[in-house]
Structures are given as structure tokens and as C-alpha cells.
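Structural overview for review
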Amino acid sequence: MTDKDQTTVTSESSAGDGSDALKPSGDALSNLLHEERRFEPPVELATNANVTAAEYDEADADRLAFWAKQAERITWAQPFEEVLDWSEPPFAKWFVGGKLNAAYNCLDRHVAEGRGGRVAFHWIGEPDDDTRTLTYADLKDEVCKAANALVELGVRSGDCIAIYMPMIPETVIAMLACARLGAPHTVIFGGFSADALSSRIQDCDARVVITADGGYRRGAPSALKPPVDEAVSRCPDVRSVLVVRRTGQDDIEWNGERDVWWHDLVDKQSTEHEPEAFDAEHPLYVMYTSGSTGKPKGILHSTGGYLVGTAYTHWAIFDLKPETDVYWCSADIGWVTGHSYIVYGPLANGATSVMYEGTPDTPHKGRWWQIVQDYKVTKFYTAPTAIRTFMKWGAEIPAKHDLSSLQLLGSVGEPINPEAYMWYRKEIGSDRCPVVDTWWQTETGMIMISPLPGVTAGKPGSAMKAIPGISAAVVNDAGEPVERGSGGYLVLTEPWPAMLRTLWGDDERYKETYWSRFPGRYFAGDGAKLDEDGDVWLLGRVDDVMNVSGHRLSTTEIESALVSHPKVAEAAVVGAADNMTGQAVAAFVILRESAGDGGEDVVAELRAHVAKEIGAIAKPKTIMVVPELPKTRSGKIMRRLLRDVAEHRETGDVTTLADSSVMDLIKSNLDEGKTADDD
Ligand code: WT7
């Protein structure tokens, strides 16, 4: 979440052979041992909380009436006629017949209702003293100008626009300008490579790309335009590249036919732009994420349900008081967390947010806590991997800052281990602030399972219960609900407003991936356990998806990247438990005969190759060159055994191996040290 070069973290990893998917790993086990520990909500927070326990009953009594009521948070240009059309599952239509404009809901109505002077973003650049304050009125003007500029570039409603940007205000402005025009955006995280960028641009048929010359990371400019140039050279349909000048690097390549500076085109535009109302089901954005097979999936979110779902959850789970709160979500806008809980949810609610461009250790390891102190942040949302990093750096660093403004702490991206939860609660929240561990996914669009800060007595390590209006269950292989005290698969049993509508251009894969394993129910891909109180403990992915620093990576995608290197004959990738990043990418490769022993730098070469193919975030932490891979008689790689090796354990049951000597070969390689650890 905070560092594109950081590799990994998590509790239970992918299990390609399925056999051990539901066995809790070390962290999950220690979670289970701490079940009895609970923290009651602080009295003051509970007394004034936005949501009380009655809301669960209200939503249970009539789920659709509950969501219709939440839809009043949104200003509809035309009211909806039906809350949910589920006549052709799994294709949902929410708020049928309703029309709205997402940008209008995030900006104009706040200005029209007298909130234009409220700060929308306290933006903080990485270089010291590089800050910008944008009120709702400022942001509305900037978004109108950008929308007018996009119209000048020929953008019409329905056109998809790719955004590849650092964490600067123009990124939010670009997204909302697209939303204002009904042009779905696809934001691609700045840590992805030119190859990943071009395949996404092609998949969603984007004709316009919005980028910047670069952004600041670790005190230095990090270029973004070169990968865009490389990507776009393979996308003949891209006609314009709109470039924000952020770092002012002077060696930037320029294609006069195609490239246009933001300041040349946007600054001169009018601040007037009439927003058009779009159907509630009009596509708002596509976000690519990794699945168990190679090709990333374009998760499609539509307008009405998504705004209702993100606005409600942001208000309920962060107990948002828009007049007084200063809210900070440390995610990158390139991920769904940034979309839902930096942009759409908070802005729809008229919240004041902090947005920070850089890394947590620039210019010093207390930068985040300095920001909390300077801006008097009240609600803070981050990822376990970041918390563990701060734990490693030491509690004396946050202790140097005044964190007394904080009232609530959130966590997202992976299971939070009890040690990290306790540290977060104590060292950041002075034991006063409730911690909300929020489970959700790119696909769900909104938080689904979480404590409610004024209601729930939280348990360190548990995401607790589905929030009001959401129905989840833990089921066994046969799809039957498990008993309390047992583990199984997490499913969502009813549609929800911010749910994905399909996979971009691939309805079949949408059905197959999410709705076929347990017919009629959405399969999240996560293992979970119900404790004796019926609270949910997430156990990690049960498919070939890894979770590295809260980012989803596919084993198959990295394997394909490795195999595309001329020296590699075969590759197997597993997620190995890692103290800092949850899981780390561990790769096993067989070299081609023509490559000999690969040469001295083969490991570095392969890591660089993966970075080029996918992005720095996907670089394996370890690569081991092996003579063979462990396979079943039917030829399936037994990832479970490789994970044992990667996690330095005795290998488990090898009786289903086609050739039982393989593991000995791999282990002798390990002993000879023919492996490389990155850091
Ligand atoms: C996967 C979704 C949601 C935005 C960030 C990641 C894991 C997420 C939690 C949590 C346990 C969690 C799950 C999920 N996950 N939050 N609080 N506790 N696991 O979005 O890339 O779509 O990944 O992240 O495994 O399926 P994503």
C-alpha cells in the first residue's frame, strides 16, 4: 500500500493443489488463541455514534428498504423506481431507472448547499513544504476545467480513459472529470510496468491516457512518462496523452501530435460545465486485478450502487462527522481502496481528507505521524503491512509526535495479526481508539465485514460480522454453512449495491469465477473461520492468488512472466509467509538447457524481467533455480511442497508425487545455496 518496491505479507497462501487451503498458518493460529480478548467501544464514541446496534435489525427486517434509505445520501437527478433487479443473476441492477452524476454528487451539491469553503483535500507532497489545500469549490472548478479539456480532446460518454499518475490532486481531478462526462476511468497503479499498462489500455480500448512526467518517491523524482511512451507505442488507438507537470524532469520525450501538457490545455478552460445525469448502471470505472489465471480481470463498477455503498460504509464504519473530522486513508489511488475511500466515499460524504504523495520514511521515519500531528487527523485508515513496518522501526518514532487527535483506526488489505493490531491500538491509538479491521475486495467495491466502531467490541485479528445490509456466510465444500468453531469458505449470499457488475468484456468469466463454485452465492476466494460467537476470522486466499503487502498478485501471472524469459523452461510461484509483507513471492525455475547454469546474475536478471513484464511490485523476493519441480502424476505442480521449502519447513506428505526424488534434488540445491534472497 505504501511502497511499490516492497515485496510481500499474509497469513495463508495460495494452495494450487487445494489440499491444505484451509489449515490456518502461524498467524491465523495465534489469532484463534486470542479469541477471548475484546475491546468495548469508547463510551463517548458509542454515545454519539452514527450507527447503533438497531441498524442490524432494521437491515435484517427489510434489506432492500434499508438500501433504499441509504440511497437518500445521494442526490438523484431522476429517482429510481426499483431498488434491485436480480431477475438475471448474477447480473444485478441497483436503483433501476435512477439517474445521477457521480461528480455532481461528490462536488457540486456540496458547493450548492453552502459547503464550498470546506476543505476537500489537504494535499501534502513528498518534498517538505510542498502542500496544496483544495476546498470543495476549488475542486469543483478544477474538475469542470478538466472535463472541458477532455471534451476538447474528443472524449464522449462511454469512452474509457486510462490514468497512470502519482498521488497528486490532478489524479482525483482526472477521475472526477471522467465521471462527470460518463467516461469510465481505469486507473493503473504507478508501480506497474509499460507492459502491464499497455495490456490494460488495450483491454479497455482507452483512446486517451492521463499521466504526469513523474512523482516524488524517497526524495527523488520517479518518472512515469517513459513507461507511458513505451506502452502507447503498442496502442495505436491512443490519440492523446495528457501530461501533468509534477517533477519538471527536463529529459522528457515529447510527441507533438499526441502529447499535450495539462497546464496548456486544462488551465485555459472554463470553470463552468453542466453535468449530465447518467443511468444508475452507467459504468463508473474499471479496475484491473489479478485472478488465478494469467490475464488480469477488469472489475467493472457502475455509478449509483457504488456511490451509495461507498458513501454509507465510509460514514458508518469511520463514524464520519464531516464538519469536524480530518480523515486520512494512506492507500494509493491506483488501488480500489483509494477509489472507494479516498475519492468517492469521502467526497460523496463531504469529508475533509489528507492526501499524501510519498513514502512513509521521507525525509524521516516519522513523516506520517508528523502529518497526523500537523493536520490533527481524527480517523486513519492503513494496511497491516505498513503497521508491521512501523513496528519494526520502533514505537519511539510515533511517540515523538502528538497523536491525541486520533479517534479511530482502520485496517485493510489482509488479515491483521493480533500483534500488529495490539501495537496499532496501543502505540498509535494510545489504547483509546477502536480499531476497525475491514474486509472487502476490489470486486465488492465497499467494505463488507467490519466492526462498527460505536457498537462492536472488537477482537484483535477478527473482522467480526457482515455490516448491516450485507449477508455473508462461511460454508464447507458442499456449500453448507459451517458450525461455529469451524472453518470453510467465505461467501456472500445476497447481492449488494457496490458489487462488481461483470468483468469488462467477459460475462462468462464473471459467472465462472465468482458464481459457479457455490451456485447462487458469490465466492470471495478467501478461507474463513467462525468462532464460538459467530464472528469471522479471515484465513487468507484459497486460490492461486497471493497477497503481498495487501496487494493481490497472481501466481500464474508471475509464472508466465518468468517463462517468457528465454533462459526459463518452467516456473512455479508460491506465496511464502513473510513477517513484514504477509506473503512474499517465492519462485522456483527450471532453466533451459541452452542457458547452461544461467550465468552468475541469472536471479537478478529474472527479477528484473518480472519487474519489466508486470511491475516492481511483482518481483519475486526469492528465486531458486531447480532441476525439477514437484508434480502429481497428472502433472499438477504441488505448490504446497514448494511452500514448505520457501518457508524453511520440513516438507509434508510426498506420497502423491510422481517422482519422489524431486524434493531431495530441490533440497540439495537449497543446501548448496543456489538461491538468492533479495534483501
Ligand atoms: C483480498 C482482496 C480491499 C482493498 C484492498 C485489497 C484480502 C482484504 C482484508 C481483511 C483479511 C483481507 C482478502 C481479499 N483482504 N482485506 N481486513 N482481512 N483479508 O483488495 O486486492 O481486491 O484483495 O484481500 O484475501 O480477498 P484486493
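Above this text sits the structure in question.
The paragraphs below set out a description of the structure included in this document. Just so we're clear, the structure is a prediction, and the values are computed from it rather than from any experiment. (Residues numbered from 1 in each chain as written. Predicted model: local features only at pLDDT ≥ 70, side-chain atom pairs only at ≥ 80, totals over all residues. Heavy atoms only, no water.)

Quick look at the overall build of the protein chain
Assigned secondary structure in the protein chain consists of 21 helices and 31 strands. Over its C-alpha atoms the protein chain spans a radius of gyration of 24 Å, differing by no more than 12% from the 26 Å that the globule rule assigns to 679 residues. Along the first, second and third principal axes, the C-alpha set of the protein chain runs to 75 × 60 × 55 Å. Within the protein chain, counting contacts between residues at least 6 apart in sequence, those at least 24 apart form 73% of the total. Put simply, the protein chain shows about 23900 Å² of open surface, and 48% of that area lies on carbon and sulfur atoms. Across the protein chain, the 67 positively charged side chains and the 103 negatively charged ones have centroids separated by 1 Å. (Helix = DSSP H or I, 4+ residues; strand = E, 2+ residues; numbered from the N terminus. Rg over C-alpha atoms; globule rule 2.2 N^0.38 Å. Contact = heavy atoms within 4.5 Å. Areas by Shrake-Rupley, 256 points an atom, 1.4 Å probe, with all protein chains shown as cover. Lys, Arg positive; Asp, Glu negative; His and termini not counted. Charge placed at Lys NZ, Arg CZ, Asp CG, Glu CD.)

Observations regarding the pattern of salt bridges
Under the definition given, this model contains 43 salt bridges. A salt bridge links E142 to K145, with the nearest nitrogen and oxygen atoms 3.4 Å apart. Here E142 pairs with K145, and both are found in helix α6 (residues 136-152), just 3 residues apart, close to one helical turn. Of the charged contacts in the structure, one is a salt bridge between R639 and E559, with a shortest N-O distance of 2.7 Å. In this pair, R639 sits in helix α20 (residues 639-646) while E559 sits in helix α18 (residues 555-563), placing the two residues 80 residues apart along the sequence. Residue R639 shares its accessibility class with E559, and that shared class is buried. (Salt bridge = Lys/Arg side-chain N within 4 Å of Asp/Glu carboxyl O. Buried < 20%, exposed > 50% of the residue type's maximum accessible area, 1.4 Å probe, protein only.)

Side note on the sheet that holds strand β25 (residues 536-541)
Taken in spatial order, the 4 strands make up an open sheet running β21-β22-β24-β25, and their pairing is antiparallel. Since the sheet does not close on itself, it has two edges, and those belong to β21 (472-475) and β25, each with one partner. Averaged over all neighbouring strand pairs, the angle between strand axes comes to 45 degrees, with direction disregarded. Here 5 bridges tie strand β22 (residues 487-492) to strand β24 (residues 522-530), and the two strands are oriented antiparallel to one another. Note that in β24 the partner of Y489 across the bridge is G527. (Pairing = 2+ DSSP bridges. Axes fitted to C-alpha atoms, helices over the stretch in contact; angles between N-to-C directions.)

Concerning the packing of aromatic side chains
Taken as a whole and judged by the stated rule, the model has 39 aromatic pairs. A centroid spacing of 5.8 Å and a plane angle of 70 degrees characterise the contact between W369 and F380, whose relative ring orientation is edge-to-face. Taken as a pair, W369 in helix α13 (residues 367-375) and F380 in strand β18 (residues 379-382) lie far apart in primary sequence, 11 residues in all. A relative accessible area of 0% means that F380 is categorised as buried. Cluster of aromatic residues (ring-pair linked, three or more members): W86, F91, W496, Y510, Y514, W515 and Y522. Directly above the ring of W315 sits R73, whose terminal nitrogen or CZ lies 4.0 Å from the centroid. Seen from the ring of F39, R425 lies directly overhead, with NZ or CZ sitting 3.8 Å from the centre. (Phe/Tyr/Trp six-rings, centres within 6.5 Å; stacked < 30°, edge-to-face > 60°. Lys NZ or Arg CZ within 6 Å of the ring centre and 35° of its normal.)

Observations regarding the environment of L539
Tracing the backbone shows L539 in strand β25. As for L539 and Y489, which are separated by 50 residues in sequence, their C-alpha atoms are 9.3 Å apart.

Description of the site of the ligand
The immediate surroundings of the ligand are formed by 18 residues, with D437, T438, T442, D526 and R552 found nearest. In this structure, P415 approaches the ligand through a main-chain N or O atom, which is 3.4 Å from a nitrogen atom. Side-chain polar atom of D437 to a nitrogen atom of the ligand: 2.7 Å apart, as the coordinates give it. Protein burial of the ligand: of its 560 Å² of free accessible surface, 95% is covered by the chains. Every element with two or more residues in the shell around the ligand is listed here: α12 (336-348), β20 (435-438) and β25. Looking at the shell around the ligand, its residues break down into 6 nonpolar, 7 polar and 5 charged. (Near = heavy atom within 4 Å. Polar contact = N/O pair within 3.5 Å; in protein donor to acceptor, adjacent residues only side chain to side chain. Nonpolar A, V, L, I, M, F, W, Y, C, P; charged D, E, K, R; others polar.)

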